[in-house]
Amino acid sequence: MKFKNTNGNKLSLLGMGAMRLPQIAEGWGQPVDYPRAEEILDLCIAGGINYFDTAYPYHGGDSERFLGKALGRYARDSFFVADKYNLIRQPDYRVQFAEQLERLQMDYIDYYLCHGISDQYIEGYLGNGCVEYFLEKKREGRIRNWGFSFHGSPEVLRKALAHCEWDFVMLQMNYYDWHHSNMKELYSIVEKAGVPLFVMEPVHGGMLANLTEEGNALLRAAEPNMSIASWALRFVMDLPHVSVILSGMSDIAQVKDNIATVSESKPLSPADKELLLQASTMLFNTIGAPCTFCKYCECPKGIDIPTALNYYNDYKAGGEWRLNRLLAQPPEKRPAACVNCGICVKACPQELDIPKYMQDMAGVMGNTP
């Protein structure tokens, strides 16, 4: 296992995310299958992983309870736990934090985050008093490092970073988003701010473990003995500002493959990076709107078309909830406000059918104007 010194701690480059643990029943967020999950956690520790990430809503709270029980078998100073305050599930940060400590059966949390700061929720997180409360908990030693995870625009990321002194930031980071969204810009913002960067979704929720048939063939021809998912980990490992890469490992095979990938640390060559661009573009063309952010499209209704299309691509790749970020826009500037005038289509160098994408988003959002 490879390690990085971050905030005075020696953290494993690969961390275990506890959002997709084995479950006792089918369906999202079901209770954890403790024996199977303990086998995964024990293998992670045996492979050198010492960073474990959870959050208040994961598995309906059972993720925190599982980590508390499973990690309780190990010396407290041999691992680091990350947990998150979720504004939506329990706005009362005092109640939530106390409940988390009880679930974890711990006196302190090593890395604590505001969960999912975004354009829609930034005012709620920065204005409800939680920041001041958690900074006080840090002074008391109940929180050792203070940060936030982020899903939003570059402007809002800059605003969040400027709000207080943060010990780390967590971003979704993978080669698909790097090439087909604004993730490269978000990475640059955090790097320039000098705040340690932790990465979630390096395999895009499993999407990059199996690409298109053509994309898979490209990567297998180059590295016949490496999994498709390993390419995604290697891409993030090559980013110099990354301190920890989380992987939501849900079976033994994934653990073994990820540990082997990180331990061997085979850097990507320029030719490898070109293959990832080709493979991700093949995938992107099957699900997304190939917007290049040229910003030639000026909407007479004031809709921020490039940002909306960026969220559209996130939605197609990762779920409808990603469109909720558009609710941060005033009603008159959301996708449902599109009047299908066609001005944007005429200006678009890619000749994208932008009104069609707007109609699709408006339908998913319930035609919220």
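Refer to the structure presented above.
What you see is a predicted model, and the numbers here were worked out from it, not measured in a lab.

Trainee: In this structure, what is going on with the environment of Ile305? I would like to understand it.
Mentor: Along the polypeptide, Ile305 turns up in helix α13 (residues 305–318). Once residues within four sequence positions are removed from consideration, Ile305 is found in contact with Cys297, Cys299, Cys344, Ile354 and Met358.

Trainee: I tried to follow the packing of aromatic side chains on my own but got confused; where do I start?
Mentor: Where two aromatic rings form a pair, the distance of their centres and the angle of their planes describe that pair. Under the counting rule described, the total for this entry stands at 26 aromatic pairs. Geometrically, the ring pair formed by Phe97 and Tyr112 is edge-to-face, given 5.2 Å between the ring centres and 85 degrees between the ring planes. Note that Phe97 is positioned in helix α3 (residues 93–104) and Tyr112 in strand β6 (residues 109–117), a separation of 15 residues in sequence. Between Phe148 and Phe150, the aromatic rings sit 6.3 Å apart at their centres with planes inclined by 75 degrees, giving edge-to-face as the arrangement. Residues Phe148 and Phe150 agree in their burial class; the two are buried.

Trainee: Sorry if this is basic, but what is going on with the packing of helix α10 (residues 228–237) against helix α12 (residues 270–287) here?
Mentor: When two helices pack together, their arrangement is captured by the angle between the axes and the distance separating the axes. One way to put it is that α10 packs onto α12 with a least axis distance of 12 Å and a crossing angle of 120 degrees. Between α10 and α12, the angle is such that the two are oblique. Like other packed secondary-structure pairs, α10 and α12 cross with a definite hand, here left-handed. Along the contact surface, α10 presents Trp231, Arg234 and Phe235, while α12 presents Asp272, Leu275 and Leu276. Considering only residue class, the contact of α10 with α12 consists of four nonpolar, no polar and two charged.

Trainee: When you look at the packing of helix α2 (residues 62–71) against α3 in this model, what are you seeing that I'm missing?
Mentor: It is at 7 Å that the axes of α2 and α3 come closest, and there the two elements cross at 40 degrees. When the interaxial angle is binned, α2 and α3 end up oblique. Touching Glu64, Arg65, Leu67 and Gly68 of α2 are Gln100, Arg103 and Leu104, all from α3. Residue composition of the contact of α2 with α3, grouped by class: two nonpolar, two polar and three charged.

Trainee: For this particular structure, what's the right way to read the environment of Asn7?
Mentor: Mapping Asn7 onto the fold places it in the loop between β1 (3–6) and β2 (9–12). When the C-alpha positions of Asn7 and Cys291 are compared, they lie 38 Å apart, and in sequence the two are 284 residues distant. What Asn7 contacts, discounting residues up to four positions off in sequence, is Tyr111, Asn145, Asp167 and Pro196. A polar atom in the side chain of Asn7 sits 3.2 Å from the backbone oxygen of Asp167.

Reading the values: rules and limits
- Residues numbered from 1 in each chain as written.
- Predicted model: local features only at pLDDT ≥ 70, side-chain atom pairs only at ≥ 80, totals over all residues.
- Heavy atoms only, no water.
- Helix = DSSP H or I, 4+ residues; strand = E, 2+ residues; numbered from the N terminus.
- Contact = heavy atoms within 4.5 Å.
- Phe/Tyr/Trp six-rings, centres within 6.5 Å; stacked < 30°, edge-to-face > 60°.
- Buried < 20%, exposed > 50% of the residue type's maximum accessible area, 1.4 Å probe, protein only.
- Axes fitted to C-alpha atoms, helices over the stretch in contact; angles between N-to-C directions.
- Parallel < 35°, antiparallel > 145°, perpendicular 65-115°, else oblique.
- Left-handed = near helix turned anticlockwise from the far one by under 90°.
- Nonpolar A, V, L, I, M, F, W, Y, C, P; charged D, E, K, R; others polar.
- Polar contact = N/O pair within 3.5 Å; in protein donor to acceptor, adjacent residues only side chain to side chain.

Function-wise, these values are silent; they only describe arrangement.
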